[in-house]
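Listed below, chain by chain, are the residues.
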Amino acid sequence: MDQTQSFKPAATRAQRRTWRDELVARLAEFDAVLRVRERTPFPRAILRRLPRLKILLATGLRNARSIDLAAAQELGITVCGTHALQRETVEIAWWLILS
């Protein structure tokens, strides 16, 4: 899958399993994830399979419902972002500074 493509939920159960497995495989090594495009959902089923994940950064929280905030809190994952629109460059710069 091209790095620029977002992960989109699939229609069938088998496709959803493949999509989740692929996302988890890509993110398993990371302690922090910066979600630049808000199309990639982070439900409990994905978050619990990322034991190293400590922080999930989002460029804006316009689509915050796509992140299971209750599951993130239970798993000790900090979720943060801003309400600013069109400020992705600033957010990425701060993410790099803090990392």
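Residues numbered from 1 in each chain as written. Predicted model: local features only at pLDDT ≥ 70, side-chain atom pairs only at ≥ 80, totals over all residues. Heavy atoms only, no water.

## Things to note about a nonpolar patch on the surface
Let me state the cut-off plainly: Residues form patches when they are more than 30% accessible in relative terms and have no salt bridge. Like charges link within 9 Å. Nonpolar side chains (Val, Leu, Ile, Met, Phe, Trp, Tyr) link within 5 Å. Working definition of accessibility: Shrake-Rupley area with a 1.4 Å probe, residue cover restricted to the visible protein chains. Salt bridge, as used here: a side-chain nitrogen of Lys or Arg that lies within 4 Å of a carboxyl oxygen of Asp or Glu. Helix and strand labels come from DSSP, where a helix needs a run of H or I of at least four residues and a strand needs a run of E of at least two; each type is numbered from the N terminus. Note on exposure labels: buried denotes an accessible area under 20% of the residue type's maximum, exposed denotes more than 50%, and partly exposed covers the range between, all computed with a 1.4 Å probe on protein chains only.
Nonpolar side chains collect at one region of the surface, where Val 90, Trp 94, Ile 97 and Leu 98 lie side by side and expose about 490 Å² of accessible area between them. Note that Val 90 resides in helix α4 (residues 88-98). The exposure class assigned to Val 90 is partly exposed, which follows from its relative accessible area of 48%.

## A word on the nonpolar core
In globular proteins that are soluble, nonpolar side chains generally tend to be buried together. In plain terms, the rule: Among buried residues, the Ala, Val, Leu, Ile, Met, Phe, Trp, Tyr and Cys ones that are joined through side-chain atoms within 4.5 Å form a nonpolar core. Only heavy atoms enter the contact rule, under which two residues are in contact if any of them lie within 4.5 Å.
By size, the foremost hydrophobic cluster in this structure holds 15 residues, and its most contacted members are Phe 42, Ile 46, Leu 47 and Leu 50. Among the elements of the structure, α1 (13-27), α2 (44-47) and α3 (69-74) are those that each provide at least two residues to this core. For this core, the leading source of residues is α1, giving four residues. Dropping the residues within four chain positions of it, Leu 47 is found in contact with Phe 42, Leu 53, Asp 68, Ala 71, Ala 72, Leu 75 and Ile 77.

## Some thoughts on the side chain of Ser 66
Keep this limit in mind: Throughout this description, a polar contact denotes any pair of N or O atoms lying within 3.5 Å of each other; where both atoms belong to protein, one of them has to be capable of donating a hydrogen while the other can accept it, and for residues adjacent in sequence the pair is counted only when both atoms sit in side chains.
On the secondary structure map, Ser 66 appears in the loop between β2 (55-58) and α3. Classification of Ser 66 by relative accessible area gives buried; the value is 13%. Polar side-chain contacts of Ser 66 include one of 2.6 Å to the side chain of Arg 35. Once you skip the residues sitting within four places of it in the chain, Ser 66 turns out to touch Arg 35, Glu 38, Thr 40, Pro 41, Phe 42 and Pro 43.

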